[in-house]
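Summary of structural features
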Amino acid sequence: MFAAENGLKGDPRLEAISAAIRVVPNFPKKGIMFQDITTLLLDHKAFKHTIDIFVDRYKDMQISVVAGVEARGFMFGPSIALAIGAKFVPLRKPGKLPGKVISESYELEYGHDRLEMHVDAVEPRERVIIIDDLVATGGTLSAAISLMESQGAEVVECACVIGLPEVKGQHKLKGKPLYVLVEPSGLDGFC
Amino acid sequence: MSGNKEEVDPRINGIKTKIRVVPDFPKKGIMFQDITTVLLDPKAFKDTIDLFVERYRDKNISVVAEARGFLFGPPIALAIGAKFVPLRKPKKLPGETIFEEYELEYGNDRLEMHVGAVEAGDRALVVDDLIATGGTLCAAINLLERVGAEVVECACVIELPELKGRQKLKGKPLCMLVEYR
């Protein structure tokens, strides 16, 4: 669900976060209005607001794991994990993690990719939040959820800074709740 | 922290014991320093960040830059009130970029930074989980200096001193927490 529908309606921090995100047209290919969060990272106040909103939401939910999807999930996940006292678990492209891994494949527009996690990172019954910068189709997050569940962990929620219009009204992902701060900027006429 | 053997902060040993060494990754002969196990220990991870934050919070750092890992830089930047700038492999950053080439064992690679992310006069801290040959850090320093920033220091969790990376930092000081020989 969007943060504005869930207790943060009118919160000025959401507007600051949205304003700090830059839209880059036609990246990585024509027709895509890329939501660039690097400008959010340059705005210390807006970046802090982003982390604070997630931390306020999750700090009393007994979350023991924050899992972040490579690479932009790493820009948000560790700060949240540190603030709520949870482990941070990186979910990575194949071949990057040095230890024994499990992997899950997911669909791209053309073809497949895989997400990997260390086998010893998450234990059964741990309560997990999965974080990424943006959710579009939910394919990557679904793969992440599968990885967690294969280890017996419980995914409490998926959290993203930006949610594309496809997810509006669709509050769940593989049955898991989805929490999103803002809609994409610069999509006049799309929403 | 670095090279001052008489006054080693007690938190450092806790961090060191959490680093997992994985032999022969990514190839035979390399003892890979796996910091994901530090991230699995909330206290060790917090201590790592705290040690850097304590060192840099009063040094007027306006930019924290990190190449490719992005695990340590953002929390440090948030805590000290600085911008965070990711330095990335080619074609990942969507906007206009500048790049710096650096050497790999075989061939070259490039590090890219968004134009406009760092401004002339910015005081920069470059963070990386590990310094080996120093090639990546040197490329990072070059990128920052080209846009007129002043690199104040480089900060790494782990140093492999035998690879002499310190000598490639263009005279910039290095702060590291743990040595691996």
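What you see is a predicted model, and the numbers here were worked out from it, not measured in a lab. Counting restarts for each chain: residues are numbered from 1 in the order of the written sequence. Chain labels run from A onward and ligand labels from 1 onward, assigned in the order the entries are written. Two thresholds apply to this predicted model, a pLDDT of at least 70 for residue-level local features and 80 or more for giving and counting side-chain atom pairs, whereas whole-chain, interface and lining totals are computed over all residues. Just so you know, side-chain values use all the structure's heavy atoms and leave hydrogens and water out.

**Quick notes on the interface of chain B and chain A**
A contact between two residues is defined here by any heavy atoms of the two lying within 4.5 Å. Counting residues at the interface gives 33 residues for chain B, matched by 33 residues for chain A. What counts as buried area is the accessible surface, traced by a 1.4 Å probe, that two parts surrender upon association, with contributions from both included. The largest share of the area that chain B buries against chain A comes from L40, L78 and P94 of chain B, three residues that together contribute 24% of it. R20 of chain B is the partner of D120 of chain A in a salt bridge, and the nearest nitrogen-oxygen pair spans 3.2 Å. In protein, a polar contact requires one atom able to donate a hydrogen and another able to accept it; more generally it is a pair of N or O atoms within 3.5 Å, and residues adjacent in sequence count only if both atoms are side-chain atoms. Run the count over chain B and chain A and you get 8 residue pairs in polar contact (both at pLDDT 80 or more). In this description a helix means any DSSP run of H or I spanning at least four residues, a strand means any run of E spanning at least two, and both kinds are numbered starting from the N terminus. At the level of elements, β1 (20-23), β2 (31-34), α2 (36-39), α3 (42-56), α4 (73-80) and β4 (83-87) of chain B are the ones that each hand at least two residues to the side of chain B that touches chain A. Charged residues are taken to be Asp, Glu, Lys and Arg, nonpolar residues to be Ala, Val, Leu, Ile, Met, Phe, Trp, Tyr, Cys and Pro, and polar residues to be all remaining types, Gly included. Grouping the amino acids of the side of chain B that touches chain A by side-chain chemistry returns 21 nonpolar, 5 polar and 7 charged. Each reported salt bridge corresponds to a side-chain nitrogen of Lys or Arg within 4 Å of a carboxyl oxygen of Asp or Glu.

**Section: the side chain of T50 of chain A**
Note that T50 of chain A resides in helix α3 (residues 44-58). In this view, T50 of chain A contacts I17, L40, F76, V161 and L181 of chain A; residues no more than four positions away in its chain are not counted.

**Examining the pattern of salt bridges**
As enumerated under the stated definition, the model contains 29 salt bridges over all chains in all. Of the charged contacts in the structure, one is a salt bridge between K59 of chain A and D56 of chain A, with a shortest N-O distance of 3.4 Å. For K59 of chain A, a relative accessible area of 43% gives the class partly exposed. With its nearest N and O atoms 2.8 Å apart, the salt bridge here joins D50 of chain B to K46 of chain B. Taken together, the residues span about one helical turn, with D50 of chain B and K46 of chain B both in helix α3 at a distance of 4 residues. The exposure class of D50 of chain B is partly exposed, given its relative accessible area of 21%. Salt bridges sharing common partners tie together E70, R92 and K96 of chain A. Between buried and exposed lies partly exposed: a residue is buried under 20% and exposed over 50% of the maximum accessible area for its type, with that area taken using a 1.4 Å probe on protein chains only.

**With respect to the UniProt feature "domain: Phosphoribosyltransferase" (unreviewed entry) in chain B**
UniProt positions are given in the numbering used here, feature names are shortened, and annotations may be inferred rather than shown by experiment. Here, UniProt's "domain: Phosphoribosyltransferase" (unreviewed entry) annotation points to residues 41-164 of chain B. As annotated, residues 41-164 of chain B comprises 28% helix and 35% strand, and the C-alpha atoms at either end are separated by 30 Å.

**Details of the sheet that holds strand β9 (residues 174-179) of chain B**
Residues and elements named next belong to chain B. The rule for pairing is simple: two strands pair if DSSP sees at least two bridges between them. Within the open sheet, the 5 strands sit side by side as β4-β3-β7-β8-β9. Their pairing is parallel. Since the sheet does not close on itself, it has two edges, and those belong to β4 and β9, each with one partner. For this sheet, the mean angle separating the axes of adjacent strands, direction not counted, is 20°. The sheet contact formed by strand β3 (residues 63-67) and β4 spans 5 bridges and is parallel. Residue A67 lies in a different strand from β4, and its bridge partner there is L87. As a rule, the C-alpha atoms of each element are fitted with a line to give its axis, helices using only the stretch in contact, and angles between N-to-C directions run from 0 to 180 degrees. Packed on one face of the sheet, helix α1 (residues 10-18) meets β8 (150-159) and β9 and runs near 60° to β9. On top of the sheet, α4 reaches β3, β4 and β7 (123-131); it is set at about 175° to β3, its chief contact.

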